[in-house]
Amino acid sequence: MSENLIYGATITSYGADGDGKTDCSDAFIKAIENGESLIVVPYGRYVIKKALRLASNLKIHAHANAEIVLDTRAKNCISADDCSSVIITGGKWICEDADKTLFNFSNSSYIKITDCSISGANGCVFKNCENISFKSVVFDIDGDCICFKGENEDVSVKDMSAFSCDNVIDIDDEA
């Protein structure tokens, strides 16, 4: 875990290179596995080729113009199962494969996604989650921006924009 509790760990300190070519997957995985509570993503273009599994009490704060490009073979690029207190803020989160889901949360609580853009495939899927918050998020999605499956409670959406999507919010009654 980082000694710098005020600012967290910069992903570049884990070996990520924002050059738009280098696979930064292992840097993100290592930071999460080391129990970092705040991962800072500076300006740059970060390619991730492996699926990421988020942990509880994690905040990923990306520079407003940082691009996090997900080019993974996994159906869910970034997932969190049975987690609490996950915050994604800042950056441009990009997945160009229409068959993928960018963020997939299940049985999780206190999820906040703010001040970022999400583009490409399906945006966010929530299954049996609670206390979900979106604020100042821009979606440019080929599929659904936000999909709710199962029992989800206490959802807040503020200042959201959506372009090129199938559905802004989809509620799956069969889940």
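Worth saying up front: this structure is predicted, and the values here are computed from it rather than measured.

Structural notes on the sheet that holds strand 13 (residues 122-127)
Spatially, 6 strands are ordered 5-8-11-13-15-18 in an open sheet, and the strand pairing comes out parallel. Bordering the open sheet on either side are strand 5 (52-53) and strand 18 (167-172), each of which pairs with just one other strand. As paired elements, strand 13 and strand 15 (residues 144-149) share 4 bridges and run parallel to each other. If you follow Phe126 over to strand 15, its bridge partner there is Phe148.

Concerning the pattern of salt bridges
Taken as a whole and assessed by the stated rule, the structure comprises 3 salt bridges. Arg45 is the partner of Glu67 in a salt bridge, and the nearest nitrogen-oxygen pair spans 2.2 Å. With Glu67 in strand 7 (residues 67-70) and Arg45 in strand 4 (residues 45-48), this pair connects stretches of sequence that are 22 residues apart. Owing to a relative accessible area of 22%, Glu67 belongs among the partly exposed residues under this scheme. Looking at Arg45, the relative accessible area reads 31%, which means it is partly exposed. Arg53 serves as the salt-bridge partner of Asp81, at 2.4 Å between the closest nitrogen and oxygen. Taken as a pair, Asp81 in strand 8 (residues 76-81) and Arg53 in strand 5 lie far apart in primary sequence, 28 residues in all. Take Arg53: its relative accessible area is 53%, and that puts it in the exposed class.

Some words on the nonpolar core
Within the largest apolar cluster, 48 residues are counted, with the highest numbers of intra-cluster contacts made by Leu54, Trp93, Phe105, Ile113, Ile118 and Phe126. Residues within four places of Ile118 in sequence aside, it is in contact with Trp93, Leu102, Phe103, Ile113, Gly123, Cys124, Val137, Val138, Phe139, Asp140 and Ile141.

Notes on the side chain of Ser109
Looking at the element boundaries, Ser109 is found in strand 12 (residues 109-120). At 3.5 Å, the side chain of Ser109 forms a polar contact with the side chain of Ser84. Apart from residues lying up to four places away in sequence, Ser109 is in contact with Cys83, Ser84, Ser85, Glu130 and Asn131.

As for unusual backbone geometry
Notably, Asp115 is not glycine yet its phi reads approximately 50°, a positive angle. Considering the arrangement of structural elements, one finds Asp115 in strand 12.

Here's the deal with the packing of aromatic side chains
In this description, an aromatic ring pair is defined by two values, namely the gap between the centres and the angle between the planes. As enumerated under the stated definition, the model contains 6 aromatic pairs in all. Both rings, one in Phe103 and one in Phe105, keep their centres 6.4 Å apart while their planes meet at 20°; by these two values the pair is stacked. Both residues of the pair, Phe103 and Phe105, count as buried. A network of ring pairs unites the aromatic residues Trp93, Phe103, Phe105, Phe126, Phe134, Phe139 and Phe148 as a single cluster.

Cut-offs and rules
Residues numbered from 1 in each chain as written. Predicted model: local features only at pLDDT ≥ 70, side-chain atom pairs only at ≥ 80, totals over all residues. Heavy atoms only, no water. Pairing = 2+ DSSP bridges. Helix = DSSP H or I, 4+ residues; strand = E, 2+ residues; numbered from the N terminus. Salt bridge = Lys/Arg side-chain N within 4 Å of Asp/Glu carboxyl O. Buried < 20%, exposed > 50% of the residue type's maximum accessible area, 1.4 Å probe, protein only. Core = buried A, V, L, I, M, F, W, Y, C linked by side-chain atoms within 4.5 Å. Contact = heavy atoms within 4.5 Å. Polar contact = N/O pair within 3.5 Å; in protein donor to acceptor, adjacent residues only side chain to side chain. Phe/Tyr/Trp six-rings, centres within 6.5 Å; stacked < 30°, edge-to-face > 60°.

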